[in-house]
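A look at the structure
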Amino acid sequence: MAAATIKEALHHLADLLPEDATWKDVAYEAYVRQEMEAGLAEAKRGEFADESDVKSTFARWGVQVEG
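Read on for a plain summary of the structure. The residue numbering used here restarts from 1 in each chain and proceeds along that chain's sequence as written. Local features are withheld for residues below a pLDDT of 70 in this predicted model, meaning they are given only at 70 or higher, and side-chain atom pairs are given and counted only at 80 or more; totals for whole chains, interfaces and linings count all residues. Calculated side-chain values reflect all of the structure's heavy atoms, with hydrogen atoms and water omitted.

This part is about the overall build of the protein chain. Within the protein chain one finds three helices and zero strands. The atom set for the radius of gyration is the C-alpha atoms, and the globule formula is 2.2 Å times the number of residues raised to the power 0.38. By the compact-globule yardstick of 11 Å for 67 residues, the protein chain is too spread out, its C-alpha radius of gyration being 17 Å. Within the span of the protein chain, comprising 67 residues, buried residues form 4% of the whole. Under the convention used here, a 1.4 Å probe and the Shrake-Rupley method define accessible areas, while residue burial counts only the protein chains that appear. For the protein chain, the accessible area works out to roughly 6,200 Å², and carbon and sulfur atoms hold 58% of it. Here the protein chain carries 7 positive and 14 negative side-chain charges, and the mean point of each set is 4 Å from the other. Secondary structure follows DSSP: runs of H or I at least 4 residues long count as helices, runs of E at least 2 residues long count as strands, and numbering of each begins at the N terminus. A simple rule labels every residue: compare its accessible area, found with a 1.4 Å probe on the protein chains alone, to the largest value its type can have, and call it buried under 20%, exposed over 50%, or partly exposed in between. Counted as positive: Lys and Arg. Counted as negative: Asp and Glu. His and the chain ends are not counted at all. Just so you know, the charge point we use is NZ for Lys, CZ for Arg, CG for Asp and CD for Glu.

On the surface, Val54, Phe58, Trp61, Val63 and Val65 cluster together into a nonpolar patch covering about 450 Å² of accessible area. Topologically, Val54 is positioned in helix α3 (residues 51-60). Of the residues examined, Val54 reaches a relative accessible area of 33% and is grouped as partly exposed. Here the term patch refers to residues with relative accessible area over 30% and no salt bridge, with like charges joined within 9 Å and nonpolar side chains (Val, Leu, Ile, Met, Phe, Trp, Tyr) within 5 Å. We define a salt bridge as a side-chain nitrogen of Lys or Arg found within 4 Å of a carboxyl oxygen belonging to Asp or Glu.

Let us look at the pattern of salt bridges. Counting across every chain of the model gives three salt bridges. Measuring nitrogen to oxygen at the nearest pair gives 3.0 Å for the salt bridge that ties Arg33 to Glu37. With Arg33 and Glu37 both in helix α2 (residues 23-44), this residue pair falls four residues apart, about one helical turn. Of the residues examined, Glu37 reaches a relative accessible area of 44% and is grouped as partly exposed. Of the charged contacts, one joins Lys55 and Glu51 as a salt bridge, the two residues approaching to 3.0 Å between their closest N and O atoms. Taken together, the residues Lys55 and Glu51, both in helix α3 and four residues apart, mark about one turn of the helix. Note on Lys55: relative accessible area 30%, which makes it partly exposed.

Take it as geometry only, folks, not as evidence of what the structure does.
Right under this line is the structure:
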């Protein structure tokens, strides 16, 4: 949802949460949304890691990458 304001986004979020949602659930969902929006903004600016960067990072983590 592309809300015009934070307030509208919060109302939409409230509508999506279950009736027994906690403040922790609200905070988590808001955090996830914020991080997703930041990632999409980075992608629109062309800020991507190239394949060699991804492979070297995975290698440092001990993840084997095929191909």
